[in-house]
Amino acid sequence: MSGEAVIEVRDVTRTFMISSGFMKPKRPLHAVNGVNLRVERGEVMALVGESGCGKTTLARMMMGLLPPSQGTIELGGKPISTLDRMTVARTVQPIFQDPYSSLNPRKTIGSIITLPLRVQGDRDPATWEKRVHEIMELVGLPRRVFNNYPNQLSGGQRQRVAIARALINRPRMVICDEPTSALDVSVQSQILNLLQDLRAELGLTYLLISHNLAVVEHIATRVAVMYLGRIVEQTDTASLFESPRHPYSKALLSSVLTPDPTLGVPDTHLGASFPNPLEMPSGCTFHPRCPKAMPHCSQVAPRPIPAPGGHVECHLYDEGAPTYAQS
Ligand code: SF4
């Protein structure tokens, strides 16, 4: 990797203190546990993993909504902690899963899309309507919906409104949190294609959070696989889908063919359920579910091993580990 980093996450940890019951002391939950992630200009970096793996916490930190407990996050080369809220919001914008709940039902479409201009203190209201019409055209919204309300629009149109609102201030990066999972299957590909077109046209960088590996394969350029707060494998999309290395990545990819496509979370067929993050397994945290686990896996945490396009955290690929066996 040699491109310009839009955002760089270094050794970031986020710990929450969780109540464990009446009169009992609080316990630490390490939602994100020593993550390094560099997203370069123009990339689509996908974050995948089961619910509770830390994707959303990491994304919230990357939007400046949550401070890390340890580590640093740099936005455009500057620590995010030193940037004011408005600067961060001009640089990074989110698009959420459910366009209906993320849009104010009492505001018109024009007002919703204009809001970021007003919040950012844009001093020239005369240009607002022009800019809104431009962005509406760019995302494929007809002008006639300018004075409509969200409940008068289809799900796909509402997501286009959410995209227009995110892009009105021309951010450098967009964090797309399950951008199509609340939409009809027939509309999903239209929204994905729109995101692709906008990326090319506006030079955008995306962080894509998705359970849907078909979506990831369709638009991501690189993928980071998260498990219990760590990125256990990071590589380019083609390599991951052709030859996943980490046993968890392999399990996730085999879940693409789950019989029920409406399942939000892939069935990884791993037997043991996702562990309680308050009871973090010792050694490799994946060992209770890993079909390749070796005796030392429960004792020693694997270190990141460089691999094409990124790294993998697994003793199977560590020639210095006590036992070496390629799967
Ligand atoms: Fe499985 Fe061991 Fe690799 Fe962890 S380190 S993924 S338990 S083989």
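Look a little higher up for the structure.
Per-chain numbering applies: the sequence of each chain, read as written, is numbered from 1 onward. Residue-level local features of this predicted model are given only where pLDDT is at least 70; pairs of side-chain atoms are given and counted only at 80 or more, and the full residue set underlies all totals for whole chains, interfaces and linings. Excluded from the side-chain calculation are hydrogens and water; included are all heavy atoms of the structure.

Undergrad: In this structure, what is going on with the pairing of strand β9 (residues 222-227)? I would like to understand it.
TA: Consecutive side chains along a regular strand alternate between the two faces of the sheet. Within β9, six of the six residues are buried, leaving the element largely enclosed by the surrounding structure. To sort residues, take the accessible area from a 1.4 Å probe on protein chains only and compare it with the maximum for the residue type: under 20% means buried, over 50% means exposed, and anything in between is partly exposed. Here a strand is any run of E in DSSP of at least two residues, a helix any run of H or I of at least four, and the numbering for each starts at the N terminus. With burial as the criterion, each face of β9 is covered, one bearing Arg222, Ala224 and Met226 and the other bearing Val223, Val225 and Tyr227. Strand direction decides the pairing type here: strand β3 (residues 44-48) and β9, joined by four bridges, are parallel. Residue pairing for β9: Val48 is matched across the bridge by Val225. Relative to strand β10 (residues 230-236), β9 runs antiparallel, the two being bridged by six bridges. Between any two strands, at least two bridges found by DSSP are needed for them to pair.

Undergrad: Got a minute to help me understand the pattern of salt bridges in this structure?
TA: Opposite charge on two side chains permits pairing when their charged atoms draw close. A side-chain nitrogen of Lys or Arg and a carboxyl oxygen of Asp or Glu constitute a salt bridge if their distance falls within 4 Å. Following the criterion strictly, the structure yields 13 salt bridges and no others. With a shortest N-O distance of 3.1 Å, Arg38 and Glu8 are connected by a salt bridge. Here the residue Arg38 occupies a position in strand β2 (residues 27-40), and Glu8 occupies one in strand β1 (residues 5-18), the gap between them amounting to 30 residues. According to the relative accessible area criterion, Glu8 is buried, its value standing at 16%. In this structure, Glu50 and Arg289 form a salt bridge, with 3.0 Å as the shortest nitrogen-oxygen distance. With Glu50 in the loop between β3 and α1 (55-62) and Arg289 in the loop between α9 (247-254) and β11 (304-307), this residue pair connects regions lying 239 residues apart in the sequence. The burial state of Glu50 is the same as that of Arg289; both residues are buried.

Undergrad: Help me out: how do you make sense of a nonpolar patch on the surface in this one?
TA: Together, Met86, Leu115 and Val119 line one region of the surface with nonpolar side chains, adding up to about 230 Å² of accessible area. In this structure, Met86 sits in helix α2 (residues 85-91). Look at Met86 and you get partly exposed, because its relative accessible area is 33%. Patch membership is restricted to residues that have no salt bridge and whose relative accessible area is over 30%. Joining uses 9 Å for like charges and 5 Å for the nonpolar side chains Val, Leu, Ile, Met, Phe, Trp and Tyr. Per-residue and other accessible areas follow the Shrake-Rupley method at a 1.4 Å probe size, with only the shown protein chains counted as cover for residues.

Undergrad: When you look at the side chain of Glu40 in this model, what are you seeing that I'm missing?
TA: Relative to the helices and strands, Glu40 resides in strand β2. Here the side chain of Glu40 touches Arg38 through a polar contact of 3.0 Å, side chain to side chain. Polar contacts here mean pairs of N or O atoms no more than 3.5 Å apart (in protein, one a potential hydrogen donor and the other a potential acceptor; neighbouring residues in sequence count only if both atoms are side-chain atoms).

Undergrad: Teacher, can you tell me more about the side chain of Arg158 here?
TA: Assignment of secondary structure puts Arg158 in helix α5 (residues 155-167). According to the relative accessible area criterion, Arg158 is buried, its value standing at 16%. A polar atom in the side chain of Arg158 sits 2.9 Å from the backbone oxygen of Leu153. Beyond its immediate sequence surroundings of up to four residues, Arg158 is in contact with Pro99, Tyr100, Leu103, Pro150, Asn151 and Leu153. Any two residues whose heavy atoms approach within 4.5 Å at even a single point are treated as in contact.

Undergrad: Looking at this structure, how should I read the packing of helix α3 (residues 109-119) against α5?
TA: In a packed pair of helices, the relevant descriptors are the angle between the two axes and the axis-to-axis distance. The geometry of α3 relative to α5 is characterised by a closest axis approach of 7 Å and an angle of 30 degrees between their N-to-C directions. As summarised for this structure, α3 and α5 are arranged roughly parallel, according to the angle between their axes. Here α3 runs over α5; the crossing is right-handed. On α5, the residues touching Ile109, Ile112, Ile113 and Pro116 of α3 are Val161, Ala164 and Arg165. Basically, the charged four are Asp, Glu, Lys and Arg, the nonpolar ten are Ala, Val, Leu, Ile, Met, Phe, Trp, Tyr, Cys and Pro, and anything else, Gly included, counts as polar. Class assignment for the residues of the contact of α3 with α5 results in six nonpolar, no polar and one charged. Note on method: axes are straight lines fitted to C-alpha atoms, helices fitted across the in-contact stretch only, with angles between N-to-C directions ranging 0 to 180 degrees. An angle counts as roughly parallel when it lies under 35 degrees, as roughly antiparallel when it exceeds 145, as roughly perpendicular when it falls between 65 and 115, and as oblique in every other case. Two helices that cross are described as forming a left-handed crossing if the nearer one is turned anticlockwise from the farther one by less than a right angle, and a right-handed crossing if clockwise.

Undergrad: Which parts of the structure should I look at to understand the site of the ligand?
TA: Around the ligand sit His246, Pro247, Cys284, Phe286, His287, Cys290, Lys292, Ala293, Cys297, Cys314, His315 and Leu316, and that is every residue in its neighbourhood. When grouped by side-chain class, the residues that make up the shell around the ligand number eight nonpolar, three polar and one charged. Near is defined per residue: the residue qualifies when any heavy atom it owns lies within 4 Å of the molecule or strand.

Undergrad: Looking at this model, I keep getting lost on the pairing of β3. Mind explaining?
TA: Most of β3 sits out of view: five of its five residues are buried. Burial along β3 is two-sided: the face carrying Val44, Ala46 and Val48 and the face carrying Met45 and Leu47 are both buried. Pairing of β3 with strand β8 (residues 205-209), which is carried by four bridges, proceeds in the parallel orientation. In the strand pairing of β8, Met45 is matched with Leu207.

Undergrad: Looking at this structure, how should I read the packing of aromatic side chains?
TA: Two numbers describe a pair of aromatic rings. These are the distance of the centres and the angle of the planes. Here a pair means two rings of Phe, Tyr or Trp (six-membered ring of Trp) with centres within 6.5 Å. Their orientation is stacked below 30 degrees between planes, edge-to-face above 60, and tilted elsewhere. Following the criterion strictly, the structure yields three aromatic pairs and no others. With a centroid separation of 5.0 Å and an interplanar angle of 80 degrees, the aromatic rings of Tyr227 and Phe286 are classed as edge-to-face. Here the residue Tyr227 occupies a position in strand β9, and Phe286 occupies one in the loop between α9 and β11, the gap between them amounting to 59 residues. Judged by relative accessible area, Phe286 falls into the buried class, the value being 1%. Judged by centre distance (5.3 Å) and plane angle (65 degrees), the rings of Tyr248 and Phe286 are edge-to-face. With Tyr248 in helix α9 and Phe286 in the loop between α9 and β11, this residue pair connects regions lying 38 residues apart in the sequence. Its relative accessible area of 0% is what places Tyr248 among the buried residues. Among the aromatic residues, ring-to-ring pairing joins Tyr227, Tyr248 and Phe286 into one connected group.

In short, the description is geometric, and any link to function would need to be established separately.
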